[in-house]
Amino acid sequence: MRTRTRAVVAAMCAGLAATLAACGGGGEKDPDAGTNGVGKLPATKIEDRARKAAGSANSVRLSGNLVTKGVTYTLDMRLKADGGTGQVSTKDSSFELLRVGEELYLKADAGFWSHGGDSAGDSGGGADTAAGKLDNKYVKVPSGDPSYQRLSGFTDMSLLLDGLLGLHGEITTGDHGQVGGVRTIRISAGKAGEGGSLDVSLEGRPYPLRLRRAGGAGVIRLADWNKDFTLTAPEKGHVLDYGQQLPTTP
């Protein structure tokens, strides 16, 4: 009888345990379990943490589309405090940029330089010949040339992050998700996110991982935070230096 009683009690306990486990498992899993806890903060604090994390980083890879003044730029840039390198493309052209300290270099194919010649009003053979000399060569961009500030901006980590990470309007917390396999929390600004949105990492430091700019002005991915890389100026023999301004294709 004792053996039978123990068996019945054991069975009842096992059934009760299973029932309790089922009840406990029926609730929703905490989406912030095992994270850095940022997802539980108010939206404004999440934005603040993300901006601080980005501001303290030594390097980042920035890629995606950026729309400004009606022009869509496709970027793939690796950036750090003392320079950057990568590619910038538009509908009509594509070029590479390399900045090491204050020295800025531009490399593009003949088509890029020929387009510049056409815009100057000459599409003849002279323009093609001049452009051919510049084809896939590093051209030093003089600091006094009007294009220096505009082009160097694509290689300036601090400038780009400060300009891109701002959201416009009242900020609210959105859904949990993933970017590149990393768990994230989204914050959005304005009605239906029209003021932009930011996906912030819930793993490790709360780096911003994806930005949707206000007004549909592009989507930017931010990756490889604090992954260092080497910036090396091209050898002098591979650089064309035209002095105080970029070359024109006559």
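Refer to the structure above for everything that follows.
Since the structure is predicted, the reported quantities are computational estimates derived from the model, not experimental observations.

(A) Focus on the overall build of the protein. In terms of regular secondary structure, the protein is built from six helices and 12 strands. Counting every position in the protein, which comprises 250 residues, the buried fraction comes to 37%. Put simply, 54% of the contacts in the protein that link residues at least 6 apart link residues at least 24 apart. Approximately 14,100 Å² of the protein is accessible, and the part contributed by carbon and sulfur atoms is 51%.

(B) Structural context of the sheet that holds strand β10 (residues 208-212). Read from one edge of the open sheet, 12 strands run β7-β8-β9-β10-β11-β1-β2-β3-β4-β5-β6-β12, paired in mixed fashion. Two strands bound the open sheet, and with one partner strand each, they are β7 (171-179) and β12 (239-240). Alignment of β7 against strand β8 (residues 182-189), held across seven bridges, turns out to be antiparallel. Bridged to I171 within β8 is A189. Along the sheet, helix α2 (residues 43-56) contacts β7, β8, β9 (197-201) and β10; its crossing angle with β7, the most-contacted strand, is approximately 55°. The sheet contacts of helix α6 (residues 157-164) involve β1 (59-68), β2 (71-80), β10 and β11 (219-223), and relative to β1 the element is tilted by about 55°.

(C) Seen up close, the packing of aromatic side chains. Taken as a whole, this structure holds four aromatic pairs when the rule is applied. Between Y73 and F154 the ring centres are 5.4 Å apart and the planes differ by 55°, which places this aromatic pair in the tilted class. Separated by 81 residues along the polypeptide, Y73 in strand β2 and F154 in the loop between α5 (147-152) and α6 bring together distant segments of the chain. Classification of F154 as buried rests on a relative accessible area of 9%. Measuring from ring centre to ring centre gives 6.5 Å for Y105 and Y138, while their planes differ by 85°; the resulting arrangement is edge-to-face. Remark: Y138 occurs in strand β6 (residues 137-141) and Y105 occurs in strand β5 (residues 103-108); sequence separation between them is 33 residues. By relative accessible area, Y105 is classed as buried at 8%.

The rules we used
Each residue is numbered by its place in its chain's sequence as written, counting from 1. This being a predicted model, a pLDDT of at least 70 is required before a residue's local features are given, and a value of 80 or more before pairs of side-chain atoms are given or counted; all residues contribute to the totals for chains, interfaces and linings. Water and hydrogen atoms were dropped before computing side-chain values, which therefore reflect all heavy atoms in the structure. Strands are runs of DSSP state E lasting at least 2 residues, helices are runs of H or I lasting at least 4, and numbering of each runs from the N terminus. Burial status follows relative accessibility: with a 1.4 Å probe on protein chains alone, a residue under 20% of its type maximum counts as buried, one over 50% as exposed, and anything between as partly exposed. In what follows, a contact means two residues having at least one pair of non-hydrogen atoms within 4.5 Å. The Shrake-Rupley method, run with a 1.4 Å probe, gives the accessible areas here. Residue values count only the displayed protein chains as cover. Whether two strands pair comes down to DSSP finding at least two bridges between them. A fitted line through C-alpha atoms serves as each axis, taken over the contacting stretch for helices, and the angle formed by two N-to-C directions is quoted from 0 to 180°. Only Phe, Tyr and Trp rings are paired, with Trp represented by its six-membered ring, and only when their centres lie within 6.5 Å; those with planes under 30 degrees apart are stacked, over 60 edge-to-face, the remainder tilted.

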